[in-house]
Amino acid sequence: MEKTLLVTGGCGFIGANFVRLLLADRPGWRVINLDKLTYAGNLDNLREVADSPRYTFVRGDICDPSLVAELFARERIDTVVHFAAESHVDRSIDDPDAFIRTNIHGTFTLLEAARRSWPADAAAAGHRFLHVSTDEVFGSLGPTGLFSETTPYDPRSPYSASKASSDHLVRAYCHTYGLPVLITNCSNNYGPYQFPEKLIPLMLNNGLHGRPLPVYGDGGNVRDWLYVEDHCEAIVRVLTDGRVGESYNIGGHNEKRNLEIVELLCDMLDRKVGPLASGQPRRSLITFVRDRLGHDRRYAIDAGKIERELGWTPRWTFEQGIERTVDWYLANGTWLAGVLDGSYQKYYEKMYAGRTGEGGK
Ligand code: NAD
Ligand code: DAU
């Protein structure tokens, strides 16, 4: 089966892993990667595949209607996999503007382009618009329970509210215009190429450099972790076998408290590179800091639908995935140094100024 995909945000963390997977595993598929290259987008993430005859990179903004319409026409796009977004919750609390623009208006721009360029029988012709979303649209769980596809939406941060808005727009285009859409709502990803503002790579980077490890609040918030390759494989499965108009929750059945993750990373670094220069173990760097505003307590995914209907289950256990991830960051110090340029350092200092020492423990 041949396809021409418009992948948005392919230079980000999950997008880059997805493009690599497609170019390796799907010889009949052509990939057009549309990415604005914000602070989170990095051409180095796709360096080894950039010369593939089945890959084209276009630098541009998903909010630009003429560029997007031109790409649909020129490249004869029949499939959209939409990753491009502002993705970091703390940034959305600090300055929501770009989240509203990219996550809502950008998704609207892509939907309009698909609606205007695809034929009336797009669904039967095999065209698909897959919107990559998050479990955060469902809000926060108490100590028990899981998010399913029928859990009511209850987004609680500017980031999750912008993603929930985009999910609603995608569903509305299916209901109103018959656009053949699919939605995936996934839990926290980890793995290679994740920008070191997110919990796991941030702790690895700080731990390697002997810097404080800032744990928000009491460290008891729970996330459900999934290795990024598993997420990418699930997206391919939904694209090829998912029922049009449906949404699928994706998760790894790996609930962990944040403090558990940070302590595990400390111990792994001590084992792999030795203790700190002072001889102290890395756990001594753990610093409880002021909590994130509106911090959701617990996320956990019921991934039963995608397993029952499409036969997808994660391939990697958390132990395997985290081992691969830590090894990748240790082997890719140049990549890490490259993404940590001056602008990120300024952001980091601003975000964490005033937090240290004000922890909720
Ligand atoms: P990321 O921040 O690493 O990458 C985002 C990419 O989008 C970057 O390459 C950036 O340059 C690009 N981009 C941003 N604004 C753009 C614009 N206006 N036009 C074109 N490109 C633009 O994000 P990620 O962690 O890889 O997440 C990808 C998608 O998956 C997002 O939609 C996110 O909501 C969703 N998601 C992420 C996770 C996770 O744990 N990271 C979990 C579930 C869902
Ligand atoms: O659940 C899916 C979501 O997971 C995605 O939609 C988002 O794009 C992605 O960023 C992620 O959101 P989180 O807010 O859960 O991820 P983050 O890595 O920022 O934080 C994970 C947990 O760790 C969260 O409870 C906050 C906490 N944390 C985070 C950072 C950066 C800390 O305690 N200290 C930190 O320095």
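For every chain, the first residue of the written sequence is number 1, and numbering continues from 1 along that sequence. Lettering for chains starts from A, numbering for ligands starts from 1, and both go in the order in which the items are written. In keeping with the model being predicted, local features are shown solely for residues with a pLDDT of at least 70 and side-chain atom pairs are shown and tallied solely at 80 or more, while totals for entire chains, interfaces and linings include all residues. No hydrogens and no water enter the side-chain calculation; it runs on all heavy atoms of the structure.

(A) Expanded view of the sheet that holds strand 11 (residues 255-257). In this analysis, strands are considered paired if DSSP registers two or more bridges between them. Runs of E in the DSSP output that reach at least two residues are strands. Runs of H or I that reach at least four are helices, and both are numbered from the N terminus. An order of 7-9-11 is seen for the three strands of this open sheet, with the pairing classed as mixed. Edge positions in the sheet fall to strand 7 (188-190) and strand 11, since each of these pairs with one other strand and no more. In this sheet, adjacent strand axes meet at a mean angle of 50 degrees when their direction is disregarded. Here strand 7 runs beside strand 9 (residues 222-227); their pairing, made up of three bridges, is parallel. The residue bridging Asn 189 from the neighbouring strand is Leu 226, located in strand 9. Contact definition: two residues touch when any of their heavy atoms are within 4.5 Å. To get an axis, fit a line to the C-alpha atoms, keeping to the stretch in contact for a helix; angles then go from 0 to 180 degrees between the N-to-C directions. Here helix 7 (residues 228-241) sits on the sheet and contacts strand 7 and strand 9; the angle it forms with strand 9, its principal contact strand, is near 70 degrees. Those strands touched by helix 8 (residues 258-273) are strand 9 and strand 11, and its axis lies near 80 degrees from that of strand 11.

(B) Looking closely at the confidence of the model for the protein chain. On average, residues of the protein chain carry a pLDDT of 96, and 98% of them reach 70 or more. Each residue carries a pLDDT score, the predictor's confidence in it, ranging from 0 to 100. Per-element mean pLDDT across the protein chain ranges from 82 in helix 12 (residues 342-352) up to 99 in strand 4 (residues 79-82).

(C) A look at the site of ligand 1. Neighbouring residues are identified by heavy atoms, a residue being near a molecule or strand if any of them is within 4 Å of it. Taken together, the neighbourhood of ligand 1 is formed by 28 residues, with Ile 14, Asp 35, Ser 87, Tyr 159 and Lys 163 sitting nearest. Between a nitrogen atom of ligand 1 and a main-chain N or O atom of Lys 36, the distance comes to 3.0 Å. Across the complex, the protein chains shield 96% of the 840 Å² of accessible surface that ligand 1 would expose by itself. Mapped by element, the contributors of at least two residues to the shell around ligand 1 are helix 1 (13-25), strand 5 (128-134), helix 5 (158-177) and strand 7. Looking at which element gives the most residues to the shell around ligand 1, the answer is strand 5, with three residues. A 3.5 Å cut-off defines polar contacts: any pair of N or O atoms within that distance qualifies, except that in protein one atom must be a possible hydrogen donor and the other a possible acceptor, and neighbouring residues in sequence count only when both atoms are side-chain atoms. We get accessible surface area from the Shrake-Rupley algorithm with a probe of 1.4 Å; when it comes to residues, only the shown protein chains can shield them.

(D) The arrangement of the pattern of salt bridges in detail. What makes a salt bridge here is a side-chain nitrogen of Lys or Arg within 4 Å of a carboxyl oxygen of Asp or Glu, nothing more. Counting across every chain of the model gives 28 salt bridges. Residue Arg 101 is joined to Asp 61 by a salt bridge in which the shortest nitrogen-to-oxygen separation is 2.9 Å. Placement of Arg 101 in helix 4 (residues 97-117) and of Asp 61 in the loop between strand 3 (55-59) and helix 2 (65-75) is noted, with a sequence separation of 40 residues between them. When a residue's accessible area, from a 1.4 Å probe over protein chains only, is under 20% of the maximum for its type it is buried; when over 50% it is exposed; and in between it is partly exposed. Taking relative accessible area as the criterion, Arg 101 reaches 39% and is therefore assigned partly exposed. Note on Asp 61: relative accessible area 15%, which makes it buried. One salt bridge connects Glu 197 with Lys 198, and the closest N-O pair in it is separated by 3.6 Å. Across this residue pair, the class does not change: Glu 197 and Lys 198 are buried. One continuous salt-bridge network, built from bridges that share partners, spans Arg 30, Glu 70, Arg 74 and Glu 75.

(E) Main features of the packing of helix 4 against helix 5. Where helix 4 contacts helix 5, the axes come no closer than 8 Å and their chain directions differ by 15 degrees. As the angle between them shows, helix 4 and helix 5 are arranged roughly parallel. Seen along the crossing, helix 4 lies across helix 5 with a hand that is right-handed. Contact with helix 4, carried on its side by Phe 99, Ile 100, Asn 103, Ile 104, Thr 107, Phe 108, Leu 111, Glu 112 and Arg 115, involves Tyr 159, Ser 162, Lys 163, Ser 165, Ser 166, Leu 169, Val 170, Tyr 173 and Tyr 177 of helix 5 and no other residues of that element. Only Asp, Glu, Lys and Arg are considered charged in this grouping, and only Ala, Val, Leu, Ile, Met, Phe, Trp, Tyr, Cys and Pro are considered nonpolar; every other residue, Gly among them, is considered polar. Taken together, the residues that form the contact of helix 4 with helix 5 break down as ten nonpolar, five polar and three charged. Should an angle fall under 35 degrees it is called roughly parallel, over 145 degrees roughly antiparallel, and 65 to 115 degrees roughly perpendicular, with every other angle called oblique. For any pair of crossing helices, the crossing counts as left-handed if the nearer helix is rotated counterclockwise from the farther one by less than a right angle, and right-handed if it is rotated clockwise.

(F) A look at the nonpolar core. The term nonpolar core refers to a set of buried residues drawn from Ala, Val, Leu, Ile, Met, Phe, Trp, Tyr and Cys, joined through side-chain atoms within 4.5 Å. Counting residues in each nonpolar core, the largest one holds 77 residues, and the members touching the most others are Phe 18, Val 81 and Ile 306. Contacts of Phe 18, omitting those with residues within four sequence positions, involve Val 7, Val 81, Phe 83, Cys 232, Ile 235 and Val 236. Within the second largest apolar cluster, 25 residues are counted, among which are Ile 62, Leu 71, Ala 122 and Leu 179.

(G) Local environment of the environment of Gly 219. Tracing the sequence through the fold places Gly 219 in the loop between strand 8 (213-216) and strand 9. Taking the relative accessible area as the measure of exposure, Gly 219 reaches 0% and is therefore buried. The spatial distance from the C-alpha of Gly 219 to the C-alpha of Ser 187 is 18 Å, given a sequence separation of 32 residues. Sequence-distant contacts of Gly 219, that is, excluding residues within four places in its chain, are made with Arg 257, Asn 258, Leu 259 and Phe 288.

(H) Region of interest: the site of ligand 2. Inspection of the region around ligand 2 gives 25 residues, with Asp 135, Tyr 159, Arg 292, His 295 and Tyr 352 positioned closest. Contact distances for ligand 2 include 2.9 Å between an oxygen atom and a backbone N or O atom of Tyr 216. Protein chains bury 94% of the 690 Å² of accessible surface belonging to ligand 2 in isolation. At the level of secondary structure, the elements contributing two or more residues to the shell around ligand 2 comprise helix 6 (199-208) and strand 8. Grouping the amino acids of the shell around ligand 2 by side-chain chemistry returns eleven nonpolar, eight polar and six charged.

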